[in-house]
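As a plain string of letters, each chain reads:
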Amino acid sequence: MIVLPEEVKTALDRLNASGFEAYAVGGCVRDSLLSLPVRDYDISTSALPEETKAVFSDCRLVETGIRHGTVTVWLGESPLEITSYRVDGLYSDGRRPDSVSFTRSLREDAARRDFTVNAMYYAPKEGLIDPFGGQEDLNKRIIRAVGEPIKRFHEDGLRILRALRFSSVYGFAIESETESALRESKELLQSISAERLQAELLKLLGGKDVRRVLTSYADVLAVFLPELLPLHGFDQKNKYHIHDVLTHTAVVVENVENKPSLLLAALFHDIGKPACFSVDKKGFGHFYGHAEASVAIAEKLLDRLKISGAVRQEVLTLIRCHDIRFPAQRKTVKKWMAKLTPALFFDLIKLKKGDLLGQSPAYIGEMAELNRMEELASDVLAKQECLSLSSLAINGSDLLSLGFSQGKEVGSTLNQLLERVLDGSLPNEKDDLLREAESLRRR
Ligand code: ATP
Ligand code: MG
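Note that the structure is a prediction, hence the values are computed from the model and not measured.

(A) Representation of the sheet that holds strand 2 (residues 42–45). On the basis of which strands lie adjacent, the open sheet formed by seven strands has the order 3-4-5-2-1-8-9 and mixed pairing. Looking at the sheet topology across the chains shown, the edges are occupied by strand 3 (60–65) and strand 9 (127–129). Strand-to-strand twist in this sheet, taken as the mean axis angle between neighbours without regard to direction, amounts to 35 degrees. Sheet topology note: the strand 1 (residues 22–25)/strand 8 (residues 121–123) ladder contains two bridges and is antiparallel. For A24, the partnering residue across the bridge sits in strand 8 and is Y122.

(B) Seen up close, the site of ligand 1. Near ligand 1, the surroundings consist of 15 residues, among which R30, R39, D156, R159 and R165 are the closest. Separating a nitrogen atom of ligand 1 from a side-chain N or O atom of R159 is a distance of 2.7 Å. For ligand 1, an oxygen atom lies 3.0 Å from a polar atom in the side chain of K203. Isolated, ligand 1 exposes 590 Å² of accessible area, and the fraction of that covered by the protein chains is 82%. Put simply, ligand 1 lies in the largest pocket. Residue assignment for the shell around ligand 1 shows that the elements contributing at least two residues are helix 2 (27–33), helix 7 (158–170) and helix 9 (194–205). By residue number, the principal contributor to the shell around ligand 1 is helix 7, which donates four residues. When its residues are assigned to classes, the shell around ligand 1 shows one nonpolar, three polar and 11 charged.

(C) Structural context of unusual backbone geometry. A positive phi angle is found at S35, which is not glycine, with a value near 55 degrees. Along the chain, the position of S35 falls in the loop between helix 2 and strand 2. Positive phi outside glycine occurs at R141, with the angle close to 60 degrees. If you trace the backbone, R141 turns up in the loop between helix 5 (134–140) and strand 10 (142–143).

(D) Representation of helix 20 (residues 408–422) in the model. With 15 residues, helix 20 should reach 21 Å at 1.5 Å per residue; the first-to-last C-alpha distance of 21 Å fits that figure. Listing the buried residues of helix 20 in full gives V410, T413, L414, L417, L418, V421 and L422. Looking at the buried residues of helix 20, the elements they touch are helix 16 (330–340), helix 19 (396–401) and helix 21 (430–442). Following helix 20 by one or two positions, G424 adopts a phi angle in the positive range, close to 85 degrees.

(E) Up close: the state of the cysteines. The full count for this structure, using the stated rule, is zero disulfides. Considering cysteine sulfurs only, C59 is the nearest to C28, which forms no disulfide, with 19 Å between them. No disulfide involves C321; its nearest neighbouring cysteine sulfur is the one of C276, lying 16 Å away.

The rules behind the values
Residues numbered from 1 in each chain as written. Chains lettered and ligands numbered in written order. Predicted model: local features only at pLDDT ≥ 70, side-chain atom pairs only at ≥ 80, totals over all residues. Heavy atoms only, no water. Pairing = 2+ DSSP bridges. Helix = DSSP H or I, 4+ residues; strand = E, 2+ residues; numbered from the N terminus. Axes fitted to C-alpha atoms, helices over the stretch in contact; angles between N-to-C directions. Near = heavy atom within 4 Å. Polar contact = N/O pair within 3.5 Å; in protein donor to acceptor, adjacent residues only side chain to side chain. Areas by Shrake-Rupley, 256 points an atom, 1.4 Å probe, with all protein chains shown as cover. 1 Å grid on protein atoms, 1.4 Å probe; cavity = no way out; pocket = protein on both sides within 12 Å on 5 of 7 lines; lining within 4 Å. Sits in = over half its atoms within 2 Å of the grid points. Nonpolar A, V, L, I, M, F, W, Y, C, P; charged D, E, K, R; others polar. Expected span 1.5 Å × (residues − 1). Buried < 20%, exposed > 50% of the residue type's maximum accessible area, 1.4 Å probe, protein only. Contact = heavy atoms within 4.5 Å. Disulfide = S-S within 2.5 Å.

Here it is in C-alpha cells:
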C-alpha cells in the first residue's frame, strides 16, 4: 500500500490541473511497497522545468538542478524535488550526465533509471505504473538493471556500486545477467568521483546484508579499495579467529552501529594486518603493531574517499585504539572517557563489541567486560562526574590567587589535579583541590 503525504498529493494535483502528468517515483515507491519507512518523496513530471516553476510560482521554490530538470518546492515543512521526465546523456566525468534532454514520455524517463525496482511510478488516480517489472523483482527480491546491463553500467559506472548498495540494504540477490555485467565492467568504478563513491559505500556498509556483499564482491570493491584484497582468504593462524581477515572485517561491519565513523573504522580496523603478520615457533600467527599499520593505510584510504574533518579523525582514533585492552574499572573507564570524549569512548566500545563478534565464539565471554564498561561510563555521565578541566572544581585564576605563576605552572598543576580526580584519589571539591595544589607547589 502506498500512502502519499498530503503535500505530495497536492503537488501531483496541481501539476495535473495544469495538464501535466505527475507521479511519486523511485525510492519512495520502492520503500512503500516494501513497507519500509520512506525518507523523501521525489516527483517526476511531464512538465518542463519552466512549466513546473510556473505551476508553483506562488510557492517557495529553488532551482536545485535546473539543468538536470529538478526544481525544489516547499508546500509544507519539507522540500519536494520535482524532476521533469528526462533522458540522460553520458556521464563522461563520472559525476553528472554531460547533457540531459527532456521528454514528455514516462517510459523514456523510466528507461534512464538504473534498476527495475527504482523505476516505478505511483499516483493515487493512476495507481502503480511499472514499465520494467519492478514489482515482480521486488517480490523475487532481486536487483535487475533496466535494459541492457552492460550498456547501463557503461553509461554510469556508479550503478555498479549502487547495485551492491541495494543488494546490501535490502538483502536482495543481484540478477545473474546484471551480476555478470557488473563484474565484467567493475573497472569503470575507477573513474567515478570520490563523492559519489563515498555516499554509496556508506549506504552499502550500513545494509543488513553487508557481510554477504563485502565477502562476495570484494573484487568489485577492490577496484577503488585495492587495500581490501590482501584480506581476502588471509588465514590468521590464531586461536582468537575462525575467519579470514576479510570475513572477520565483514562481520565487524555488520555488527557495529550504522554510523559513518563506526562503519569505516570497522571496515579498515584490520587492513594493516597482512603487512604485520608473523608466525611464532608454535605456529601461531601474530599481528604486532597492526593497529598503527591499519591507521597508516586508513589515512590514505580516507583521503582518497575524501572523508575529512571530524569523521576522519574519529575513524583513525577508533582504529588506533581498537585493540588496546583495559580493565572494566571505573578509574580506567574515566581515563579513557577523558582522553577520547565520552561519545567516542562509547563508539570504541561498540567497535570492540563488533570486533569480538567477529572472532571465535570461544572468547565471547569478554562481552560481559565490554558491557560492564558501558554501564560504568553511563553511570559516570549520569553522575556528571568531572572528566575535563572545564568541570574541575577549580580553575587557573584560583591557582593564580594562591601565588602560582601564569602559564606552564598553572596548566601542568591543573592537569595533575584532573588526573587525580579521574583516578578517584582526590574528590572534585574546591577545598581539597586547593590543598593539593598547595602541596604540589611546595614539592
Ligand atoms: P534512497 O533511499 O537512498 O534515496 P533512491 O532510490 O531514492 O534511494 P536516489 O539516489 O535518491 O536513490 O535516486 C533517486 C532515483 O533516481 C532512483 O530511485 C533511480 O530511479 C534514479 N537514479 C539515481 N541515481 C541513478 C543513476 N546513477 N543512474 C540511473 N538512475 C539513477
Ligand atoms: Mg532518494
